[in-house]
Amino acid sequence: MRVYLDNAATTALRPEALAAMQPLLGPDFANPSSPHSSGQRVRRLLDEARARTAAALGAKPSEIIFTGSGSEADCLAIFGILDAQRSDGRGRLLTSAIEHHAVLHAADALRERGHSVTILPVDREGFVVEAALETALRETRAQERRPTLVSIMHANNEIGTIQRIAALSAIAHENGALFHTDAVQTVGHIAIDVAALGVDALTLSAHKFEGPKGVAALYLRNGVRATPLVYGGGQEGGRRAGTENVAGIVGLSVALELAARDVVEQAAATAAQRDAFIDAVLSTIPGSALNGSPRERLPNNASLRFTDVEGQTVVLALDVAEFEVSTGSACTSGSLDPSHVLTAIGLDGAAARGTVRFSLGRTTTATDIARLSERLPGIIGKLRALTATLVVGGGPTHIPERSGSS
Ligand code: PLP
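What you see is a predicted model, and the numbers here were worked out from it, not measured in a lab.

K.L.:
Before we go on, may I ask you to explain the pairing of strand β4 (residues 116-120) in this structure?
P.N.:
Successive residues of a regular strand alternate their side chains across the two faces of the sheet. Counting buried positions along β4 gives four out of five residues, so the element sits mostly inside the fold. Taken together, strand β3 (residues 92-96), helix α4 (residues 101-112) and β4 constitute a β-α-β crossover, and its handedness is right-handed.

Following this line, the structure appears as structure tokens:
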């Protein structure tokens, strides 16, 4: 049986979420903005889903804006908040070098539009250094008084490091800036409370916590304004036009409510499996090492690097052995560019390319982990022997293209 260990890329839809969605893909098809009874019934389902989503985050229903993806929610936070704040057409974004491309490419676009962008470095475990944020904010303050947004992800999708968001958001606020966090990898996986995190905006995406794909949300604290990316009808309080994906939103809310209900127990159970796997790898495979923080890491993430092998080749060999994993590197255009995250934590090209990300899920079993732990040393050993032969023989291996980062 195939073992799926790529839950950081996406998760299977939870049966309870599918069951809650089904009527909305059938009899409950009406538009929630319609005044008739069918429309009003769907409106109630939408309102309930919003309340459920808000409750799981410690937020108010009016603070939830549903979007079509986590990427869209990130962009709404970044462009929308800066746009709504600015007085002279220019704002400032401070973000980190290890963000998802939804944030980093938005930062590039902001720069092209004349905003100022500062990319903060991270340390070897992937933490943004609080003093570096403070210094960068103080410098800006001294130079000019531009509206400023800090956007730092809650946990990194490749290496799993969980940032000290409460401390970082406090620093932002002390220096007059607003704070957004991309919590796509943490929501549903660790306990989340927007007030405890002290954030003004937070992104989540349903398909990372056993909800459907193509639906996500931005928490936007009451009182913080964001200019819409999409204009049209008055949906989502006028902040995101378009007839609502009610089935998706209901699926999101049910998956989130269930995940939040036993998040502490589930996180502990998954972290125990993760640690058993990491310990097995480090003790049986010479030349292996863990990326990211050993302590402050996502319960389901084991990002491991192996000397003298290509991560992409390990992924393909594991696929043949019926284990589905991915690399930590987003390679584009057929080239093997090392991942920006792995480069930012100081890995050289070879170490970055030797990385494989194993991401566990709620349904991962101890047997799955035991089987993988047993097979992996042999697979790595064989690939190393093969690589040594190929290096003597020369010539690059073909690496398939990837289109996105997750
Ligand atoms: N941010 C992070 C940290 C992610 O891992 C992802 C997932 O790919 C995204 C944003 C984008 O989310 P979505 O796939 O819903 O656009």
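K.L.:
How should I be thinking about the layout of surface pockets in this particular structure?
P.N.:
The method is simple in principle: a probe with the dimensions of a water molecule rolls over the atoms, and the space it marks as empty is what remains. Taken as a whole, the largest pocket encloses approximately 550 Å³ of empty space. Along its surface, the largest pocket is lined by 32 residues, and Asn7, Glu210, Gly361, Arg362 and Thr363 are the ones closest to its centre. Those elements that provide at least two residues to the lining of the largest pocket are β1 (3-4), α9 (246-261), α10 (263-284) and α14 (366-393). Here the lining of the largest pocket gets four residues from one element, more than from any other, and that element is α10. For the lining of the largest pocket, the class distribution of residues is 14 nonpolar, 10 polar and eight charged. Mapped onto the domain boundaries, the lining of the largest pocket takes at least three residues apiece from domain 1 (3-9 + 263-393) and domain 2 (15-261).

K.L.:
Whenever I open this one, the site of the ligand confuses me. Can you help?
P.N.:
Among the 15 residues in the neighbourhood of the ligand, the closest are listed as Gly70, Ser71, Asp182, Ser205 and Lys208. Within the side chain of His100, a nitrogen or oxygen atom sits 3.4 Å from an oxygen atom of the ligand. The separation between an oxygen atom of the ligand and a polar side-chain atom of Ser205 is 2.7 Å. About the coverage of the ligand: the protein hides 91% of its 390 Å² of free accessible area. By residue number, the principal contributor to the shell around the ligand is helix α3 (residues 70-85), which donates three residues. Among the residues forming the shell around the ligand, the class breakdown is two nonpolar, 10 polar and three charged.

K.L.:
Looking at this model, I keep getting lost on the pairing of strand β6 (residues 178-182). Mind explaining?
P.N.:
Most of β6 sits out of view: five of its five residues are buried. Where strand β5 (residues 148-151) and β6 come together, three bridges link them in parallel fashion. Paired with Val150 across the bridge in β6 is Phe179. Between the parallel elements β5 and β6, the chain passes through helix α6 (residues 165-174) in a crossover that is right-handed. Inspection of the sheet shows β6 paired to strand β7 (residues 201-205) by three bridges, in the parallel sense. Within β7, the position partnered with Asp182 by the bridge is Thr203.

Thresholds, definitions, all that
Residues numbered from 1 in each chain as written. Predicted model: local features only at pLDDT ≥ 70, side-chain atom pairs only at ≥ 80, totals over all residues. Heavy atoms only, no water. Buried < 20%, exposed > 50% of the residue type's maximum accessible area, 1.4 Å probe, protein only. Helix = DSSP H or I, 4+ residues; strand = E, 2+ residues; numbered from the N terminus. Right-handed = clockwise from strand over helix to strand, strands pointing away. 1 Å grid on protein atoms, 1.4 Å probe; cavity = no way out; pocket = protein on both sides within 12 Å on 5 of 7 lines; lining within 4 Å. Points joined across faces, edges and corners; volume = space filled by probe spheres on them. Nonpolar A, V, L, I, M, F, W, Y, C, P; charged D, E, K, R; others polar. Domains from an automatic or database assignment. Near = heavy atom within 4 Å. Polar contact = N/O pair within 3.5 Å; in protein donor to acceptor, adjacent residues only side chain to side chain. Areas by Shrake-Rupley, 256 points an atom, 1.4 Å probe, with all protein chains shown as cover. Pairing = 2+ DSSP bridges.

All we've got here are geometric facts, nothing functional implied.
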